[in-house]
Every structure is written in structure tokens, then in C-alpha cells.
Amino acid sequence: MGRSIPEITLNDGVTLPVIGLGTYKLNGNAGAQAINSAIDTGYRLIDTAYNYENEGTVGEAVRRSSIPREELRITSKLPGRYQEYDKAVTAIQESLYRANLDYYDLYLIHWPNPKQGLYVEAWQALIDAKKWGLIRSIGVCNFLPEHMERLEKETGVKPSINQIELHPFFNQEQQRIWHEENNVKTESWSPLARANDVLQNETISKIADHHNKTISQVILRWHYQLGSISIPKSSSPERQIENLSIFDFSLDESEMGMIAELTRPDGRIKDLDPATYEEF
Ligand SMILES: NC(=O)c1ccc[n+]([C@@H]2O[C@H](COP(=O)([O-])OP(=O)(O)OC[C@H]3O[C@@H](n4cnc5c(N)ncnc54)[C@H](OP(=O)(O)O)[C@@H]3O)[C@@H](O)[C@H]2O)c1
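Residues numbered from 1 in each chain as written. Predicted model: local features only at pLDDT ≥ 70, side-chain atom pairs only at ≥ 80, totals over all residues. Heavy atoms only, no water.

Chemist: Now, about helix H3 (residues 85-99): what can you tell me, with residues and values included?
Modeler: Relative to the 21 Å expected for 15 residues at 1.5 Å per residue, H3 spans 22 Å between its end C-alpha atoms, a close match to the ideal helical length. Buried within H3 are the following residues: Ala 88, Val 89, Ala 91, Ile 92, Ser 95, Leu 96 and Ala 99. Looking straight down H3, one finds that the buried residues subtend no more than 165° of arc, so they occupy a single side. More than 90 degrees from the buried face of H3, the exposed residues found are Asp 86 and Tyr 97. Where the residues of H3 are buried, they touch helix H2 (55-64), strand E5 (73-78), strand E6 (104-109), helix H4 (119-131) and strand E7 (135-141). Where H3 terminates, the next one or two residues include Asn 100, which has phi positive at roughly 55°. (Helix = DSSP H or I, 4+ residues; strand = E, 2+ residues; numbered from the N terminus. Expected span 1.5 Å × (residues − 1). Buried < 20%, exposed > 50% of the residue type's maximum accessible area, 1.4 Å probe, protein only. Arc of directions from axis to C-beta. Contact = heavy atoms within 4.5 Å.)

Rendered as C-alpha cells:
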């Protein structure tokens, strides 16, 4: 039943599939059912966060599934209000209790909140939680190069992943180049731009027709060919299958170039600029 998804290896040796399931808004029993349908379809990477209030739902789906825990990759994220070292340690423990899991495969700082100035303390808590066996791999979300440089300078440890807003309308080319040069993996959040008008885009539609694929499949293939892990959220079993069915075609250079041209400086979904935006 399950489809097999290519895997990549992070700078700390942990492996992840190149597509996972986003779970923002998948809560309660309906959420657990959607996550179980995804696992049955072949998804092995599940992305949650303390602030989505569904770590419990993800844990429940893991328990309902017949797939062994060690074959799954579960991600969660530390909220901004718990970036002080002691609070961060407690929040990581609380995250695990909520999911009723012994460990997360990946734990990320959700936003740098640079004005608050505590992300290095939070990072130290993640480093220690990894040493204590609570987390296998540690990373960040929405960090600018200057934030990651500070982490490495002050703790000697660089993130395995930076999860950032990335879709055809905001393709983050400079940030991706920095990641590649520094051996930090890119992970795309809102890879389908939350199903906004990108899903009606004429350029991508033509490429999709040419390959007999859907616009979503072309976009997810584009993420894969950029070298980024994508985590599309879908509550629908049909669209979950659709979103995984991208390994039987490829985009050529000119098609990749046409999609690259769709990016815009104001292309973010909600104008959340990590240099100034703060999330708690
Ligand atoms: N680190 C961060 O700061 C951050 C921020 C935002 C999101 N995230 C993570 O990234 C994940 C993905 O981002 P997202 O949920 O914002 O947006 P997304 O995955 O880009 O888009 C989700 C939307 O697309 C629809 N959809 C999915 N597949 C489709 C398809 N094949 N055709 C048509 N519509 C489709 C979904 O509807 P249906 O459910 O009805 O299919 C849903 O409305 C989140 O769930 C979350 O885990 C992280």
C-alpha cells in the first residue's frame, strides 16, 4: 500500500524522507484519521508544533498506526514564549508528554524572535535535550543566515535544518544558497502557498498539462528538484496520494527557470518577515 519516498541525510546523520505531511489545522479525531491515512499512503515524516495544539493528535495517530515508531520521523517546534533556557527544557518535555512519545526525531526553534534576543539560550536547551536522548536532530525555522551564524559561533553547533516559507511566489534563492554552502538542509513550509492563487497559475498549469500532472504535483516536484524537503498539509486521502506521486517525471532546466521567474519580493503569504516578526 505505502509508496516509497526518497530520503536525504542531514549533517548529523539522521535520515528524512523528502516529502512529509504538514499538520497545521489537523486536530482531534478527524486530524488523527487524516494523519493515519497519510501514514497508510506512505508518509513517514510528520510535522507538528507545540503551538498547533495537535502534538497529542500526532501521538495518537502514531499509536493507531501499525508502522513501527522507528520508521516514522516526527518533528515538533519550540514556541517563542519558552525560549529562556529553563522554560525551553520544560517545553520540550511537555511536547513529549503531550504526544506521549519518548523522543522527537527533529525539534526546531519555531521563530528566531530576534527582538527578544533569547534564541541562543533556546538553542542550548535543544543541544542538551539531544544529549539526553529526547531529540535525535535539532534545527530551526525562519532563521536568517545571521541568526544561524550566531548559533554556531556561540555554541559550536549548527542546525541540521532550517524550515522556511518557500513556494513559487517566494523562492528564497539567496537563503537556499546559504544553506547549501553551510550544509544546512532546507525544508519548505507552505510549499503549496496554502493553496492560494498559485494553484491557478497559468505558467505552472502549462507545465502540468505537458507532463499530465496537476499544478500541485509540479510545485512539489520543483521543491524536490531544488533539494528542499516539503511538508504539504492535506486532510484528503486523495490529495495526500496526489502530493506523493511526483517521482515518475522530472522538470527540465527551462521549466525550472519558468517557475523561478514567478518569485516576487512581496510574495510571502502573510508578509511574515523573520527579521521583525515575532511569534510567541
Ligand atoms: N515553521 C513555520 O513557521 C511554519 C509556518 C506555516 C506552516 N508550517 C508547516 O508547514 C505545513 C504546510 O504548510 P501549510 O499547511 O501552511 O500550507 P500548504 O501545505 O502549502 O497548503 C495546505 C492547503 O493546500 C490544500 N492542498 C493540499 N494538497 C492539495 C492539492 N494537491 N490540491 C489542492 N489543494 C491542496 C490543503 O487543503 P486540504 O487539506 O483540503 O487538502 C490546504 O488548504 C503546515 O501544515 C505546518 O506543518 C510551518
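Chemist: Could you give me a rundown of the site of the ligand, with the residues and numbers involved?
Modeler: Around the ligand sit 28 residues in total, of which Asp 47, Ser 190, Arg 194, Ser 234 and Arg 239 are the nearest. Interatomic distance of 3.0 Å between a side-chain N/O atom of Asn 142 and an oxygen atom of the ligand. Against a free-state accessible area of 900 Å², the protein chains account for coverage of 87% of the ligand. The greatest single-element share of the shell around the ligand, amounting to three residues, is contributed by helix H9 (residues 237-244). Here the residues of the shell around the ligand sort into twelve nonpolar, ten polar and six charged. (Near = heavy atom within 4 Å. Polar contact = N/O pair within 3.5 Å; in protein donor to acceptor, adjacent residues only side chain to side chain. Areas by Shrake-Rupley, 256 points an atom, 1.4 Å probe, with all protein chains shown as cover. Nonpolar A, V, L, I, M, F, W, Y, C, P; charged D, E, K, R; others polar.)

Chemist: Residue-level account of the side chain of Ser 234, with values.
Modeler: Inspection of the secondary structure assignment puts Ser 234 in the loop between strand E10 (229-230) and H9. Residue classification places Ser 234 among the buried positions, given a relative accessible area of 6%. Here Ser 236 takes part through its backbone nitrogen, which lies 3.1 Å from a polar atom of the side chain of Ser 234.

Chemist: Got a sec to walk through the nonpolar core? Specific residues and values, please.
Modeler: By size, the foremost hydrophobic cluster in this structure holds 79 residues, and its most contacted members are Leu 16 and Leu 126. Top contributing element to this core by residue count: H4, with eight residues. Dropping the residues within four chain positions of it, Leu 16 is found in contact with Pro 6, Glu 7, Ile 8, Leu 10, Leu 45, Arg 73, Leu 106, Ile 161 and Ile 229. (Core = buried A, V, L, I, M, F, W, Y, C linked by side-chain atoms within 4.5 Å.)

Chemist: Describe in detail the sheet that holds E6, supporting the description with residues and values.
Modeler: Sheet architecture is open: eight strands sit in the order E3-E4-E5-E6-E7-E8-E9-E10, paired in parallel fashion. The sheet terminates laterally at strand E3 (21-22) and E10, the two strands that pair on one side only. Sheet topology note: the E5/E6 ladder contains four bridges and is parallel. Among the inter-strand pairings, Ser 76 is bridged to a residue of E6, identified as Tyr 107. (Pairing = 2+ DSSP bridges.)

Chemist: Outline the packing of aromatic side chains, listing residues and values.
Modeler: Geometry of an aromatic ring pair is reported as the spacing of the ring centres plus the angle between the planes. Evaluated as defined, the whole model comprises seven aromatic pairs. Relative to Tyr 52, the ring of Tyr 24 has its centre 5.2 Å away and its plane inclined at 55°; by these criteria the two rings are tilted. Here Tyr 52 lies in the loop between strand E4 (45-47) and H2 and Tyr 24 lies in the loop between E3 and helix H1 (28-41), a separation of 28 residues in the sequence. With a relative accessible area of 17%, Tyr 52 lands in the buried category. Each member of the aromatic cluster is reached from another via a ring pair, and the members are Trp 111, Trp 189 and Tyr 277. The lysine or arginine in question, Arg 98, covers the ring of Tyr 50, its NZ or CZ lying 3.9 Å from the ring centre. Directly above the aromatic system of Phe 249 lies the positively charged group of Arg 221, at a separation of 5.8 Å from the ring centroid. (Phe/Tyr/Trp six-rings, centres within 6.5 Å; stacked < 30°, edge-to-face > 60°. Lys NZ or Arg CZ within 6 Å of the ring centre and 35° of its normal.)

Chemist: Hey, could you go over the packing of helix H5 (residues 145-155) against helix H6 (residues 173-181) for me, with residue numbers and the actual values?
Modeler: H6 packs onto H5 with a crossing angle of 20° between their chain directions and a minimal axis gap of 11 Å. With respect to H6, the axis of H5 lies roughly parallel. Here H5 contributes Pro 145, Met 148 and Glu 149 to the contact with H6, which in turn contributes Gln 175, Trp 178 and His 179. Tallied by class, the residues present in the contact of H5 with H6 amount to three nonpolar, two polar and one charged. (Axes fitted to C-alpha atoms, helices over the stretch in contact; angles between N-to-C directions. Parallel < 35°, antiparallel > 145°, perpendicular 65-115°, else oblique.)

Chemist: Please set out the pairing of strand E8 (residues 161-165) residue by residue, giving values where relevant.
Modeler: Looking along a regular strand, one sees side chains alternate from face to face of the sheet. Taking burial as the measure, the five residues of E8 include five buried ones, the bulk of the element. In terms of strand pairing, E7 meets E8 through two bridges, oriented parallel. Bridged to Cys 141 within E8 is Gln 163. Regarding the hand of the β-α-β motif, the stretch spanning E7, H5 and E8 is right-handed. Relative to strand E9 (residues 185-189), E8 runs parallel, the two sharing five bridges. When the bridges of E9 are listed, Asn 162 appears paired with Thr 186. Crossover handedness for the path E8 to H6 to E9: right-handed. (Right-handed = clockwise from strand over helix to strand, strands pointing away.)

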